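Next come the chains, spelled out residue by residue.
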Amino acid sequence: MMTKILVLYYSLHGNTRQLARHIGRGIEQVDGCEAILRTVADIHTTPTTSVISTRIETSTDPIVTHDDLKQCSAMAMGSPVRFGNMAAPLKHFLDSTSAEWLSGTLIGKPACVFTSSSSLHGGQETTLQSMMLPLLHHGMLIVGIPYSEPLLHTTHHGGTPYGASHVNNGTNKQLHPDEIALAQAIGRRLATIACKLSG
């Protein structure tokens, strides 16, 4: 029986999606674990209406469903930085999970967060923390990157104890090797903890 770990993300320019892929690779380095990659629907707004679109530009991953939350043993959740906060489409999905909150669907499941920004001090840490808040309300167990990961001490790119991250300043659109290694590390850690908790 495979331990299914949901990697849920929103990505506009593909950077957060790259992180999701590497977290998924880290998850699948743990025997018996499977990464389930999902995205959220985009939101297009006008002054008088909000229209939900099911198309994410350049994404090939399915749109998340509420059943994905029920079936997963753990979750990694990611968003680009939007003024120090998670992007609206991801928040919109989380706001629709009241039924899961009431039923306790996610209680006791481990979770981690990840993000991408266009500048080094662009709000990565507050964005990571903003994504943790609804997960804590759902009763999830937050997993970070411990300083036992040597790269966390030396990287000048993305990667924080709060979660994996990427800095795209316009010239480094591809993930730096440090960012890849830390993304895979948190994926492995999340999967290892999920396996231990599931017995």
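As shown above, the structure is provided for reference.
None of the values given here were measured: they were computed from a predicted structure.

**Here's the deal with the state of the cysteines**
Disulfide: a covalent bond connecting the sulfur atoms of a pair of cysteines.
Phase 1: By the definition in use, this model includes zero disulfides.
Phase 2: The thiol of Cys112 is unpaired, and the distance to the nearest cysteine sulfur, on Cys72, comes to 12 Å.
Phase 3: Of all cysteine sulfurs in the structure, the one in Cys33 sits closest to Cys195, which takes part in no disulfide; the separation is 3.1 Å.

**Focus: the nonpolar core**
Phase 1: By size, the foremost hydrophobic cluster in this structure holds 26 residues, and its most contacted members are Ile5, Val7, Ile23, Ile27 and Phe114.
Phase 2: Put simply, the parts of the chain that give this core at least two residues each are strand S1 (3-9), helix H1 (15-27), strand S2 (33-39), strand S5 (74-80), strand S6 (110-117) and helix H7 (177-198).
Phase 3: Among the elements that line this core, the one with the most residues is H7, at six residues.
Phase 4: Membership of the second largest hydrophobic core comes to 23 residues, among which are Tyr10, Val40, Met86 and Met140.

**A short note on the environment of Glu179**
Phase 1: Note on placement: Glu179 falls in helix H7.
Phase 2: Taking the C-alpha atoms as reference points, Glu179 and Leu151, separated by 28 residues in sequence, lie 9.0 Å from one another.
Phase 3: Among residues more than four places away in sequence, those in contact with Glu179 are Leu19, His157, Gly158, Ser165, His166 and Val167.
Phase 4: Looking at Glu179, its side chain comes within polar contact range of the main-chain nitrogen of Gly158, at 2.9 Å.
Phase 5: Within the local environment of Glu179, its side chain forms a polar contact with the backbone nitrogen of Val167, the two atoms lying 3.0 Å apart.

**Details of the side chain of Ser117**
Phase 1: Take Ser117: it is sitting in strand S6.
Phase 2: Note on Ser117: relative accessible area 6%, which makes it buried.
Phase 3: Within the structure, the side chain of Ser117 is placed 2.7 Å from the backbone oxygen of Ser119, a separation counted as a polar contact.
Phase 4: At 3.1 Å, the side chain of Ser117 and the side chain of Gln124 are in polar contact.
Phase 5: Ser117 has contacts with Val81, Gln124, His166, Val167 and Asn168, leaving out every residue within four places of it along the chain.

Definitions and limits used
- In this numbering scheme, every chain counts its residues from 1 along its sequence in written order.
- The predicted nature of this model means local features are confined to residues of pLDDT at least 70 and side-chain atom pairs, given and counted, to a pLDDT of 80 or more, with totals for whole chains, interfaces and linings taken over all residues.
- Note that the side-chain values use all heavy atoms of the structure and ignore hydrogens as well as water.
- Disulfides are defined as pairs of cysteine sulfur atoms found within 2.5 Å of each other.
- Buried Ala, Val, Leu, Ile, Met, Phe, Trp, Tyr and Cys residues that are joined via side-chain atoms within 4.5 Å together make up what is termed a nonpolar core.
- Buried, partly exposed and exposed residues are distinguished by accessible area as a fraction of the type maximum, computed with a 1.4 Å probe on protein chains only: under 20%, between the cut-offs, and over 50%, respectively.
- Under the DSSP-based scheme used, a helix requires at least four consecutive residues in state H or I and a strand at least two consecutive residues in state E, with every element numbered from the N terminus.
- Note on definitions: a residue-residue contact is assigned when non-hydrogen atoms from the two residues lie within 4.5 Å.
- Distance and chemistry together define a polar contact, namely a pair of N or O atoms within 3.5 Å, with one atom able to donate a hydrogen and the other to accept it when in protein, and with adjacent residues in sequence counting only for side-chain atoms on both sides.

That is the geometry; function is a separate question.
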